[in-house]
Amino acid sequence: MNGPLTILGIETSCDETAAAVVRRVGPDRPGEILSNAVFSQIEEHAPFGGVVPEIAARAHVEHLDGLISRAMKDAKVGWDDLDGIAATAGPGLIGGVIVGLMTAKGLAAARGLPFMAVNHLEGHALTARMTDALPFPYLLLLVSGGHSQLLVVEGIGRYRRLGTTIDDAVGEAFDKVAKLLGLGYPGGPAVERAAQDGDATRFPLPRPMTGRPGCDFSFSGLKTAVRQLSDGLGTLSEQDKADIAASFQAAVADVLGDRCENAMALASDIIPPGHRRLVVAGGVAANMLLRERLMVSAHAFGYEFVVPPLKLCTDTGAMIAWAGAERLALGLTDPIDTGPRARWPLDPDAAPARGAGVKA
Ligand code: KG4
Ligand code: ZN
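Participant: What exactly am I supposed to notice about the packing of helix α7 (residues 220-233) against helix α8 (residues 238-267) here?
Facilitator: Helix packing geometry: the angle between the two helix axes and the distance between the axes. Contact pair α7 / α8: the axes reach a minimum separation of 11 Å and the direction vectors enclose 160°. When the axes of α7 and α8 are compared, the pair comes out roughly antiparallel. Regarding α7 and α8, the two cross each other, and that crossing is right-handed. On α8, the residues touching Leu 222, Val 226, Leu 229, Ser 230 and Leu 233 of α7 are Ile 244, Phe 248, Ala 251 and Val 252. The class makeup of the residues in the contact of α7 with α8 is eight nonpolar, one polar and no charged.

Participant: Which parts of the structure should I look at to understand the nonpolar core?
Facilitator: One broad rule of soluble globular proteins: the nonpolar side chains tend to lie buried together. Residues Leu 139, Leu 141, Leu 150, Phe 219, Phe 248, Val 252 and Leu 256 are the most contacted members of the largest nonpolar core, which totals 49 residues. Taken together, the elements giving at least two residues each to this core come down to β6 (138-143), β7 (148-155), α5 (170-180), α6 (187-195), α7, α8, β9 (277-281) and α9 (288-300). Looking at this core element by element, the count peaks at 13 residues for α8. Residue contacts for Phe 219: discarding those within four places in its chain leaves Ser 148, Thr 165, Asp 167, Asp 168, Ala 169, Val 170, Ala 173, Val 252, Val 255 and Leu 256. In this structure, Ala 128, Ile 320, Trp 322 and Leu 346 belong to the second largest nonpolar core, which totals 34 residues.

Participant: Before we go on, may I ask you to explain the pairing of β7 in this structure?
Facilitator: Regular strands show a simple pattern: their side chains alternate between the two faces of the sheet. Counted residue by residue, β7 has seven buried out of eight residues, so it is predominantly covered. Hairpin connection, β6 to β7: the antiparallel pair is bridged by four residues. Inspection of the sheet shows β7 paired to strand β8 (residues 158-164) by six bridges, in the antiparallel sense. Bridging from a neighbouring strand, Val 152 pairs with Arg 160 of β8. Taking the residues that link successive antiparallel strands as the turn, the β7-β8 hairpin has two residues, and the phi of Gly 157 there is positive, at about 75°.

Participant: Even after reading the chapter, I still don't get the side chain of Ser 13, so can you show me in this structure?
Facilitator: By the secondary structure assignment, Ser 13 is in the loop between β1 (5-11) and β2 (16-24). Of the residues examined, Ser 13 reaches a relative accessible area of 0% and is grouped as buried.

Participant: I tried to follow the environment of Val 21 on my own but got confused; where do I start?
Facilitator: Considering the arrangement of structural elements, one finds Val 21 in strand β2. On the basis of relative accessibility, which here comes to 0%, the residue Val 21 falls in the buried class. Those residues in contact with Val 21 that lie beyond four places of it in its chain are Thr 6, Ile 7, Leu 8, Glu 32, Ile 33, Leu 34, Ser 35, Ala 71, Met 72, Ala 75, Val 77 and Leu 82.

Participant: Is there a simple way to think about the sheet that holds β7 in this case?
Facilitator: Read from one edge to the other, the open sheet built from five strands follows the order β8-β7-β6-β9-β10, with strand pairing classed as mixed. Of all the strands in the sheet, the pair left with one neighbour each is β8 and β10 (304-306). Mean inter-strand twist for the sheet, computed between neighbouring axes without regard to direction, equals 25°. Examined bridge by bridge, β9 and β10 share three bridges and lie parallel to one another. Looking at β10, one finds that Leu 278 is bridged to Phe 305. Where α8 meets the sheet, it contacts β6, β7, β8 and β9, and its direction lies at approximately 155° from that of β6.

Quick notes on the rules
- Residues numbered from 1 in each chain as written.
- Chains lettered and ligands numbered in written order.
- Predicted model: local features only at pLDDT ≥ 70, side-chain atom pairs only at ≥ 80, totals over all residues.
- Heavy atoms only, no water.
- Axes fitted to C-alpha atoms, helices over the stretch in contact; angles between N-to-C directions.
- Helix = DSSP H or I, 4+ residues; strand = E, 2+ residues; numbered from the N terminus.
- Parallel < 35°, antiparallel > 145°, perpendicular 65-115°, else oblique.
- Left-handed = near helix turned anticlockwise from the far one by under 90°.
- Contact = heavy atoms within 4.5 Å.
- Nonpolar A, V, L, I, M, F, W, Y, C, P; charged D, E, K, R; others polar.
- Core = buried A, V, L, I, M, F, W, Y, C linked by side-chain atoms within 4.5 Å.
- Buried < 20%, exposed > 50% of the residue type's maximum accessible area, 1.4 Å probe, protein only.
- Pairing = 2+ DSSP bridges.

Shape descriptors only; they carry no functional weight alone.
What follows is the structure, encoded as structure tokens:
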């Protein structure tokens, strides 16, 4: 299908309830985001210092219908204008995934529209095609709350994994460090804010895996080093917290830079010269220091650096609608009995990583 496609996308796999309408104009063209309604459940989870799955699922139930109505209204489209409905079917917190998936399947059945069950990670992976009309293949660093992976994106549903985390995901490390320093939830933006006033050279933290061959990551040693450091300092002043946050962030930037450099060297055998692009996606891609550091690495290796605008780094319905549109354009629709999946690796031969599937 090469004509324009207008898709409603629904995302409920973690702590954002989101619905959006996106139009795929045609092949090799950026997508048009007609609406992008997001309800962030920060206030619901903040008292607990992290996402509580049961609270998340209930909040999705409460807010999703209203968000879908808003997305349709903002987009100025009616049900007859839609070509299909897409929802995240995993990976993620299963209670939340069920809410979005069931809603989307119900709407698709009632309206007689094609239904697309979208892998949340594919939503992040394809966002750069919506924003920048990127051709395949490209190198992708996917860094979110539950996943850290380096992949060659070869096509829709075609991912070749070069590396992954052997323990914690990057976003998870940010969230744990934020908790440890009492910076609150969500952790990534809190650490970034604190780090602005910090001295990144005050604490020489480890840079796990750097200098080694391959593209795998490890963050649990870094997290433990931060814990030992803060325990050793006793009561932390605001300056201590800022310096630890900045030192941690600098260590993460060095690790990701080193791993991406290995991936770019490896991928140069797979990705032809005109296609050498490093794309960074997922919530952690919102971090400014990381964006700057990875841009330097990309340019040093002759890669173009592509990162979505800030509001499209974290979870949105737009990324799910776009992935749904890409799938529908290829005729890839899903049956109405498609089930939710807590785990769902992008590359079929992936070994399950510890902690994967807890957050998408
Ligand atoms: O992709 P995302 O919104 O949700 C998942 O699919 O997990 O990513 C959320 C993760 C969280 O761990 C959050 O702390 C992290 O992304 N994050 C950041 C920043 N903004 C969000 N990490 C570092 N710096 C940020 N500015
Ligand atoms: Zn995500």
